[in-house]
Amino acid sequence: MLPDTATKLGRQALIGYIMERERAFYEASCRPIDPYYIEQYRVWLTNHVMKNAQNYDIVSQKQPAGASKKH
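Everything numeric in this text was worked out from a predicted model, so none of it was measured. (Residues numbered from 1 in each chain as written. Predicted model: local features only at pLDDT ≥ 70, side-chain atom pairs only at ≥ 80, totals over all residues. Heavy atoms only, no water.)

Q: Hey, could you run me through the packing of aromatic side chains in this one?
A: How two aromatic rings sit relative to each other is set out by the distance from centre to centre and by the angle between their planes. In the structure shown here, the tally under the stated rule is four aromatic pairs. Ring centres 6.0 Å apart and planes at 90° place the aromatic pair F25 and Y26 in the edge-to-face group. F25 sits in the partly exposed class, given a relative accessible area of 44%. Seen in terms of ring centroids, Y41 and W44 are 6.2 Å apart; in terms of plane orientation they differ by 20°. Their pairing is stacked. Residue Y41 and its partner W44 are located together in helix 3 (residues 35–61), separated by three residues, close to a single helical turn. Across the pair, W44 and Y41 agree in class, each one buried. Members of the aromatic cluster, joined through ring pairs, are Y17, Y41 and W44. (Phe/Tyr/Trp six-rings, centres within 6.5 Å; stacked < 30°, edge-to-face > 60°. Buried < 20%, exposed > 50% of the residue type's maximum accessible area, 1.4 Å probe, protein only. Helix = DSSP H or I, 4+ residues; strand = E, 2+ residues; numbered from the N terminus.)

Q: What am I meant to see in unusual backbone geometry here?
A: It is generally the case that most residues other than glycine have a negative phi and that most peptide bonds are trans. A positive phi angle is found at C30, which is not glycine, with a value near 55°. Here C30 shows up in the loop between helix 2 (23–28) and helix 3. Taking relative accessible area as the criterion, C30 reaches 69% and is therefore assigned exposed.

This is a description of form; function is not addressed.
As structure tokens, then:
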């Protein structure tokens, strides 16, 4: 899942994602890694991916009514 570039936060988060993912390239080519964009990516990650993962875990743990575990 990648940030949606239709929003300003999404575009900034995508830049941060690229900087984080390609950190070795940025460092080897002496390109600066902007902490602002890294933080925007972390905000997006927390707000979107982590919440979706938590919701998935909650839904997957629920069992249909009347379902019983077989031993």
